[in-house]
Amino acid sequence: MDKSFIRRIDNTINHLISYNHGHDIEGLHGHPDSPPSAKSLRSMLDGEFHFDRDRLRELFQTSDSFDEVFLNETIDIDTHREIILKACKEIMNLSIVSLNDMQKNPKKFVSWFESISYCDPSVALKFAVQYNLWGGTILFLGTKKHHDKYLKGIENGTKLGVFGLTELGHGSNVNGLETTATFDSNTCEFIINSPTFTSQKYWPGNIAKHGQYATIFARLIIKGQDKGIHAFVVPIRSEPDSVNPYGVILPGVHIRDIGLKASYNGIDNGGLLFKNVRIPLDNMLDKFSHVDQKGVYHSTVPANRHFGLMMSVFFIGRVCLSVNSLCMMKVGLSIAVNYASNRAQFAKTTKTKEELPIINYTTTQRRLIPSIARAYAMDFSHKYICDFVGVKPLDVLHSYSSGFKAITSWEAVNSLQMCREVMGGQGFRMCNRVAMLRDHADVVTTGEGDNTVLTQQVGKFLLGKYQIAVSQSPPSFTGELSFINSIETSPVGQQLTSISYQQWLLEKREHELLKELHSRMYGSHRGGSLVQPNTEQWFHLWNQSLPLVIKLVKANVDRLAQNFFLQKIIDSSNVLTTDKATLTALKNLCRLDSLKQIQLDLGFFVAKGFITGEHKWIQIEDEINHLCSQIVPYIQILTEAFGVPLKFNPLEKNIE
Ligand SMILES: Cc1cc2nc3c(=O)[nH]c(=O)nc-3n(C[C@H](O)[C@H](O)[C@H](O)COP(=O)(O)OP(=O)(O)OC[C@H]3O[C@@H](n4cnc5c(N)ncnc54)[C@H](O)[C@@H]3O)c2cc1C
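Computed from a predicted model, the values in this text were never measured in an experiment.

Attention now moves to the UniProt feature "active site" (unreviewed entry) in the protein. The sites that UniProt annotates as "active site" (unreviewed entry) are E448. Given the relative accessible area of 17%, E448 is considered buried. The contact partners of E448, leaving out residues within four places of it in the chain, are L133, F314, G317, R318, L321, K405 and L454.

Bringing the environment of D257 into the picture now. Mapped onto the fold, D257 is located in strand β7 (residues 253-257). The class for D257 is partly exposed, based on a relative accessible area of 40%. Ignoring anything within four residues of it in the chain, the contact list for D257 reads R81, A208, N269 and G270. A polar atom in the side chain of D257 sits 2.9 Å from the side chain of R81. In terms of polar contacts, D257 uses its side chain to reach the backbone amide nitrogen of G259, at 2.9 Å.

Our focus in this paragraph is the packing of helix α13 (residues 394-422) against helix α15 (residues 451-470). Close contact between α13 and α15 brings their axes to 9 Å; oriented N to C, the two are set at 140°. Between α13 and α15, the crossing angle belongs to the class labelled oblique. Of the two possible hands of crossing, α13 and α15 adopt the one that is left-handed. From α13, D395, V396, H398, S399, S402, G403, K405, A406, S409 and W410 reach across to α15, where they touch N451, T452, L454, T455, Q457, V458, F461 and K465. Taken together, the residues of the contact of α13 with α15 break down into six nonpolar, nine polar and three charged.

Looking now at the UniProt feature "domain: Acyl-CoA oxidase C-alpha1" (unreviewed entry) in the protein. Under the present numbering, the feature "domain: Acyl-CoA oxidase C-alpha1" (unreviewed entry) in UniProt falls on residues 316-463. Regarding residues 316-463, the helix share stands at 72% and the strand share at 5%, and the terminal C-alpha atoms are separated by 24 Å.

What follows covers the sheet that holds β7. Pairing in this open sheet of three strands is antiparallel, and the strands run β4-β8-β7 from one edge to the other. Each of the sheet's edge strands pairs with one partner strand only, and the pair in question is β4 (201-202) and β7.

Quick look at the side chain of R237 now. Secondary-structure assignment places R237 in the loop between β6 (225-235) and β7. No salt bridge is formed by the buried R237, whose closest oppositely charged neighbour, D268, lies at an N-O distance of 5.9 Å. For R237, the side chain forms a polar contact with the main-chain oxygen of I207, separated by 2.8 Å. Reaching out from R237, the side chain makes a polar contact with the backbone oxygen of G211 at a distance of 2.7 Å.

This part is about the packing of helix α18 (residues 580-600) against helix α20 (residues 616-631). The contact between α18 and α20 brings their axes to 10 Å, and the two run at 150°. Looking at the two axes, α18 sits roughly antiparallel to α20. Judged by the twist between their axes, the crossing of α18 over α20 is left-handed. In contact with N588, L589, R591, L592, L595, K596 and Q599 of α18, α20 contributes I620, E621, E623, I624, L627, C628, Q630 and I631. The residue inventory of the contact of α18 with α20, partitioned by class, reads eight nonpolar, three polar and four charged.

All right, on to the site of the ligand then. Around the ligand sit 16 residues, and of these F163, T166, S172, D450 and Q456 come closest. One nitrogen or oxygen atom from the main chain of F163 is found 2.9 Å from a nitrogen atom belonging to the ligand. Taking Q456, its side chain carries an N or O atom lying 2.9 Å from a nitrogen atom of the ligand. Here the ligand loses 64% of its free accessible area of 970 Å² to cover by the protein chains. Among the elements that take part in the shell around the ligand, α15 stands out by supplying three residues, more than any other. Of the residues belonging to the shell around the ligand, the class tally is seven nonpolar, eight polar and one charged.

Basis of the calculations
- Residues numbered from 1 in each chain as written.
- Predicted model: local features only at pLDDT ≥ 70, side-chain atom pairs only at ≥ 80, totals over all residues.
- Heavy atoms only, no water.
- UniProt positions renumbered as here; feature names shortened; annotations may be inferred.
- Buried < 20%, exposed > 50% of the residue type's maximum accessible area, 1.4 Å probe, protein only.
- Contact = heavy atoms within 4.5 Å.
- Helix = DSSP H or I, 4+ residues; strand = E, 2+ residues; numbered from the N terminus.
- Polar contact = N/O pair within 3.5 Å; in protein donor to acceptor, adjacent residues only side chain to side chain.
- Axes fitted to C-alpha atoms, helices over the stretch in contact; angles between N-to-C directions.
- Parallel < 35°, antiparallel > 145°, perpendicular 65-115°, else oblique.
- Left-handed = near helix turned anticlockwise from the far one by under 90°.
- Nonpolar A, V, L, I, M, F, W, Y, C, P; charged D, E, K, R; others polar.
- Pairing = 2+ DSSP bridges.
- Lys, Arg positive; Asp, Glu negative; His and termini not counted.
- Salt bridge = Lys/Arg side-chain N within 4 Å of Asp/Glu carboxyl O.
- Near = heavy atom within 4 Å.
- Areas by Shrake-Rupley, 256 points an atom, 1.4 Å probe, with all protein chains shown as cover.

Dropping the structure here:
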């Protein structure tokens, strides 16, 4: 997005809107004349793949595989797992996406993944394992021979598989994996071994019951030399037959069932150990490196980049999990908004008989509306991020997917907790889904990379870019940091709801935090003495800076989310069918989201002198209340636009 364009964003949006609609948006105060168009909002959120989304909604409504029996009665986990597999097969039968879409049409794939997240969350996670991870390793790390052999069966569910990265002893630090794949020059095979108890593959779905194959990440050992972590396809069960629909466990493979979990009990997570399991040479996924018949190792990438490169291809999987948590949040908000709009408690005065729907209470509005604003911001952001695949470098995409996954899933958990509370006792009932969704969204904060650990990767990426920029004379900020070049020394105005002012605050915060982190790590706090990376001193400094890193990543995501939201408003204003009231609603949501994020970090802005004035704190409260009061009349339109299928929106009808 062009920087100077953003800088004049208030004027620009006004101009674009008046150009298209003959109306000055700043002239709109109070409620717009008419509510936003549910149809326009729905079409923005459904995006270009709305037909696919509708086909899925239709399936969910009509098939009893999506009836979520577990919400109404206790079912054993085995039954649950079978229901989930059946539901996945029905989705597969629609043939909406192919595995190749992860590479060729990621936006379509992510949109599909978000749509399958409306129903029992185990369905989406089963697909995350089968398509994104097991399928993803074959697609991204394998070559033609692997594609020909596996992709079709993965897509239609006849070859179910495992993504075996995490071990009992190593979760976040997967670089420390212990499983070995030793090349045997006599037979030209690899021997897969779990040398210790802690080296067992631990957690992956599809282990305990359904998986026939596993992609196993293991240390490649050739002639006693450790060549680092590589990926191998290892059969773990025999071909299915009429007696054993998922085959029998193969010799040398040991499997355990992880059992009941706090959520996702439709997934057969397990532990997996290998004792001298032999696999042919061809089972090495050899996109980046291979071993020839003579046992000579060949690689197209430097050893120190090999593992990082293997992991970075999972960009789309991480975006999928992020939109998965976003979808759970949207569903929860839809349910809670229905409840709050219909549930009446207390009258305005003792003389009045009629009780007020709880949505009228400011606290209810404050618990729901800022999250709705965030949901819109995150939705638009993820769509633009998908557009960057193949355009922006892998490290930038990795930074986006990691930062947004962390901030979105954390927000989803907080928001779903708020939804639960807004619904009082009804929020506890499984059949009302919100508590169930909260417990599932929770796992997204850990899966596909623990959020806290992911933020460190984003922090290191930003720090590295900053170091390159400031080492030049004069400093030159490009790419992801180009926003720094044009931050004004002081804001043009200080009106709290001015988009330009909000943008200035968000940019200033990110820049200041980055400067602070750089100063700690690169020595200006210690008179400029440079700390060598990969030393104990560097570790100590980095460790001390971790809370700062999380703040930085939040700042980075908030700034980007505002940019993406503004881009969406501009793009929508160029679509003649987008009416004025819808654009006004979007603008209010954008302002509310930015102001809410600023409020959450008010101490920083005040301490830095970016927000001044004795009464500013209360003015921010009032502005947020005011924006919520502007939005509340059309709150149901905003959540209806999320398009939650009736079956998954239990309070669409009355409380039972
Ligand atoms: C339901 C579920 C399904 C899963 N499916 C799969 C799968 O299909 N395949 C697969 O391979 N894996 C899977 N996983 C594993 C998942 O990827 C790991 O749980 C995750 O990477 C975190 O590892 P861990 O659980 O060992 O946590 P740990 O690494 O033990 O982390 C515990 C805590 O320590 C903190 N921590 C760790 N290192 C640092 C550090 N350097 N700095 C600061 N804090 C740190 C983390 O933030 C975290 O809060 C699944 C997990 C779950 C829960």
